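# Topology and contacts: notes
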Amino acid sequence: MVIHIDLVVDIVKKVFEQYKTYNEINTQIQIVSSDLSYICHFDPHLDEVFLDSGRGIDLPRDVTLMHKTTCYTNTLSGWAPAGKSEFLYSSPIIVEKKTKYYLVCTSEIAHDALTLVIVELLSTYISTMLETNMKLQEVHLKNDHMKQITETVSAGSLSVDKFGNIMFINEVGGEMLGVRAEEVLGQPISKVLDNQAFSLDVLEIGMPVINKDIIIKINKGQYHFRLSSVPLYDNSNEPIGVMFHFKDIRKEVEMIVNTKGFFNFDDIIYQCKEMESLIQLAKKAALQDSSILIEGESGTGKELIAQSIHNYSIRSNHPFIVIDCSAIPRNLVESELFGYEAGAFTGSHKGGMMGKFERANGGTVFLDEIGEMPLEIQSKLLRVIQSRSITRIGGHEPISLNIRIIAATNRNLAQEVSEGNFRNDLYYRLNVINLFVPALRDRKGDLPLLVNKLMEKTAKREKREVPNLLGRVMEVLENYPWPGNIRELENTMERAVILANGEIDYLHLPKRLLIQNINLSTTPVQREIFVNQTPQKPKYVMEQQLIINALKESKGNKSKAAKKLGIARSTLYEKMYLYQLS
């Protein structure tokens with residue numbers, strides 16, 4: 001635990017402020033380190049603690065202070081002024097069981113009981129205050145730090161005590177500032193960083209400063225940081241330090257701008273003719289630079305197709321920026337897409353902000369759920385496509401763009417145009433090349449292939465063997481219409497693989513699949529298909545299959561099914577609940 005001189009002086013001031021109200025102190029009292037170097041002293045006449053060593057007690061160099069409260073009677077000969085005898089008193093200041101400092105004073109009386117008591121009480125009180133204060137600071141600073149780090153692991157974090165001494169710096173922060181934690185801990189931040197941005201002003205104003213853009217010089221280079229300063233207080237609401245959080249704006253922008261598409265055409269699993277035709281058309285479109293509109297239901301893999309097109313094109317080494325038109329708040333759409341200049345509106349960042357179109361320069365912009373874009377923004381998007389330039393909010397100069405636009409929607413945009421919900425001129429600008437991704441239920445023959453691949457994916461991630469999928473389960477999967485398409489299938493197979501113990505059966509499927517399978521069956525099915533009544537078959541599996549079979553034969557009518565099974569209707573409901581069939 002590092003003790004800073006500033007903290008010692010602060011504690012000494014507080015101790016004397018409290019002590020002098022109860023006891024009259026007529027002598028100067030001084031704090032020195034274990035090597036006799038001067039720290040500070042209390043002047044009773046001026047009623048103040050001073051750092052000026054010229055006012056302190058001039059200790060003789062032959063004094064060896066002891067680790068106990070005592071009076072020295074033989075060491076001051078020739079030291080006191082002529083005609084006077086002065087004796088030196090001292091008491092150790094102990095922190096964490098080690099003598100860190102000494103409290104010393106002089107008196108004309110040797111072995112004065114009152115002076116000894118006063119000196120010992122003061123040193124003990126200072127020791128207690130120092131240790132308590134340091135532990136409190138450490139607990140509060142570390143706790144606040146850990147909370148913040150949990151939330152913002154990518155940010156640099158640095159905490160200082162109220163005197164500006166560095167108490168903690170995380171690894172990210174050290175890398176960003178070009179320093180090593182072990183070298184700067186305990187050092188004044190003003191010596192480590194010659195910059196006024198890391199100031200303690202927030203302790204005076206009592207309010208945090210959030211996302212302030214600053215420039216710091218590090219190793220002869222300039223770095224743009226976005227800095228937040230948060231004042232920290234102990235349980236008594238006393239200020240104990242400041243927490244700084246900072247991000248390198250340039251790296252943040254580079255990370256966004258260098259966003260890549262992860263998927264290629266080889267990652268798309270299919271064997272049906274519908275998907276074969278789609279992939280061939282998508283590859284041809286990728287070699288051109290025209291706008292593309294991808295249509296299809298939710299969960300069919302429209303973004304996967306878009307990423308594959310980008311990575312197949314000459315723009316593959318440039319950004320692939322995704323803009324989810326349904327997720328951006330309506331009042332922020334324009335600023336997010338086109339950016340803004342400094343001071344464009346209340347709450348804007350000091351240096352302005354680059355929009356997503358600008359960040360995508362040279363690459364591809366993927367407008368997901370384009371049908372959700374507000375009409376007033378559609379006209380501005382149309383101008384961007386036509387002019388290949390944008391103008392930031394609050395700006396006047398157009399910024400040229402070299403981008404390729406791919407849009408996707410699960411809506412029928414032609415119908416949206418006819419109903420006045422989507423601009424027809426924008427529709428035709430986007431719909432230069434149209435790609436329609438078929439629903440999973442229309443991809444004949446692809447389901448078994450997808451099921452196997454998805455089981456292998458989950459099993460590999462969970463580090464387990466790929467379970468065996470029973471034939472009757474595949475029949476349920478093939479009868480289900482999959483309204484959520486591949487996304488729903490992926491979630492279903494992930495659940496099944498996790499729940500299964502070597503074999504996937506009905507009970508490992510979501511109950512909506514089994515109910516849907518029952519309702520879709522309109523023809524009687526022979527019981528022998530579903531039930532293999534062998535001694536090796538567990539009773540609950542046979543019972544479950546009999547119930548499913550009876551419900552199918554009764555076309556979902558539970559009264560008829562219960563009658564076929566020879567059980568009460570209430571019993572059937574209990575069994576259905578047990579086997580997750582209702």
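Criteria and thresholds
Residues numbered from 1 in each chain as written. Predicted model: local features only at pLDDT ≥ 70, side-chain atom pairs only at ≥ 80, totals over all residues. Heavy atoms only, no water. Helix = DSSP H or I, 4+ residues; strand = E, 2+ residues; numbered from the N terminus. Buried < 20%, exposed > 50% of the residue type's maximum accessible area, 1.4 Å probe, protein only. Contact = heavy atoms within 4.5 Å. Areas by Shrake-Rupley, 256 points an atom, 1.4 Å probe, with all protein chains shown as cover. Salt bridge = Lys/Arg side-chain N within 4 Å of Asp/Glu carboxyl O. Pairing = 2+ DSSP bridges. Phe/Tyr/Trp six-rings, centres within 6.5 Å; stacked < 30°, edge-to-face > 60°. pLDDT = per-residue confidence, 0-100. Axes fitted to C-alpha atoms, helices over the stretch in contact; angles between N-to-C directions. Parallel < 35°, antiparallel > 145°, perpendicular 65-115°, else oblique. Nonpolar A, V, L, I, M, F, W, Y, C, P; charged D, E, K, R; others polar. Core = buried A, V, L, I, M, F, W, Y, C linked by side-chain atoms within 4.5 Å.

When helices and strands are tallied, the chain shows 22 helices and 22 strands. Considering the chain as a whole, with its 582 residues, one finds that 46% of them fall into the buried category. For the chain, the share of sequence-separated contacts (at least 6 apart) that also reach a separation of at least 24 residues comes to 63%. On the chain, roughly 30,500 Å² of surface is accessible, and the fraction owed to carbon and sulfur atoms is 49%.

Right, let's talk about the pattern of salt bridges for a bit. Between side chains of opposite charge, pairing is possible as soon as their charged atoms come close. As enumerated under the stated definition, the model contains 14 salt bridges in all. Residue Asp-289 pairs with Arg-315 through a salt bridge whose shortest N-O separation is 2.8 Å. Pair noted here: Asp-289 is in the loop between helix 8 (273-286) and strand 12 (292-295) and Arg-315 is in the loop between helix 9 (302-312) and strand 13 (320-324), with a separation of 26 residues, a long-range link. For Arg-315, a relative accessible area of 5% puts it in the buried group. Here Arg-411 makes a salt bridge to Glu-372, at a shortest N to O gap of 3.1 Å. Placement of Arg-411 in the loop between strand 19 (404-409) and helix 13 (413-418) and of Glu-372 in the loop between strand 16 (364-368) and helix 12 (375-387) is noted, with a sequence separation of 39 residues between them. For Arg-411, a relative accessible area of 31% gives the class partly exposed. Given the relative accessible area of 32%, Glu-372 is considered partly exposed.

Attention now moves to the side chain of Glu-369. Within the fold, Glu-369 resides in the loop between strand 16 and helix 12. With residues near it in sequence (within four places) discarded, Glu-369 still touches Asp-324, Cys-325, Ser-326, Ala-408, Thr-409 and Asn-410.

For the rest of this paragraph, the subject is the pairing of strand 1 (residues 29-33). The element strand 1 is largely enclosed, with a buried count of 5 among its 5 residues. Burial along strand 1 is two-sided: the residues Ile-29, Ile-31 and Ser-33 and Gln-30 and Val-32 are all buried. Examined bridge by bridge, strand 1 and strand 6 (residues 98-107) share 5 bridges and lie antiparallel to one another. Residue pairing for strand 6: Gln-30 is matched across the bridge by Val-104. Taken together, the 4 bridges between strand 1 and strand 2 (residues 38-43) define a ladder with antiparallel strand orientation. Bridged to Ile-31 within strand 2 is Cys-40. In textbook terms, the turn of a hairpin is the stretch between consecutive antiparallel strands, and for strand 1 and strand 2 this stretch comprises 4 residues, one of which, Leu-36, has a positive phi near 75°.

What follows is about the packing of aromatic side chains. Enumeration over the complete set of coordinates arrives at 6 aromatic pairs. For the ring pair Phe-320 and Phe-366, a centre distance of 6.0 Å and an interplane angle of 20° mean the geometry is stacked. Here the residue Phe-320 occupies a position in strand 13, and Phe-366 occupies one in strand 16, the gap between them amounting to 46 residues. For the pair Phe-320 and Phe-366, one class covers both residues: buried. For the pair Phe-338 and Phe-357, a centre-to-centre distance of 5.8 Å together with 15° between the ring planes defines the contact as stacked.

Any region with low pLDDT has predicted coordinates that should not be read closely. Predicted confidence across the chain gives a mean pLDDT of 79, with 82% of residues reaching 70 or more. Confidence over residues 253-258 falls short of pLDDT 50; this stretch has 6 contacts with residues more than four positions distant or in other chains. Contacts of residues 520-537 to residues separated by more than four positions or lying in other chains number 25 contacts, the stretch itself having pLDDT below 50.

What follows covers the sheet that holds strand 3 (residues 48-50). Strand order in this open sheet of 6 strands is 3-2-1-6-5-4, and the pairing throughout is antiparallel. Two strands lie at the open edges of the sheet, namely strand 3 and strand 4 (70-72), each paired on one side alone. When the angles between neighbouring strand axes are averaged without regard to direction, this sheet yields 25°. The pairing of strand 2 with strand 3 spans 3 bridges and is antiparallel. Within the sheet, the bridge partner assigned to Phe-42 lies in strand 3 and is Val-49.

Here we come to the packing of helix 21 (residues 558-565) against helix 22 (residues 569-578). Following both chains from N to C, one finds helix 21 and helix 22 inclined at 100°, their axes separated by 9 Å at the closest point. As judged from the angle between their axes, helix 21 and helix 22 are roughly perpendicular. Contacts from Lys-558, Ser-559, Ala-561, Ala-562 and Leu-565 in helix 21 reach Arg-569, Leu-572, Tyr-573 and Met-576 in helix 22. Here the residues of the contact of helix 21 with helix 22 are counted per class, giving 6 nonpolar, 1 polar and 2 charged.

Okay, the nonpolar core next. Formed by 36 residues in total, the largest nonpolar core has its most connected members in Val-451, Leu-469, Leu-477, Leu-489, Met-493 and Ile-504. For this core, the leading source of residues is helix 15 (residues 446-462), giving 6 residues. Not counting the four nearest positions on each side in its chain, Ile-504 is found in contact with Met-455, Pro-467, Asn-468, Leu-469, Leu-470, Val-473, Met-493, Ala-496 and Val-497.

Most of strand 19 sits out of view: 6 of its 6 residues are buried. Note that strand 12 and strand 19 share 4 bridges and pair parallel. From the neighbouring strand, Glu-295 faces strand 19, where its bridge partner is Thr-409. Direction of pairing for strand 16 relative to strand 19: parallel, over a ladder of 4 bridges. When the sheet's bridge partners are listed, Thr-364 is paired in strand 19 with Arg-404.

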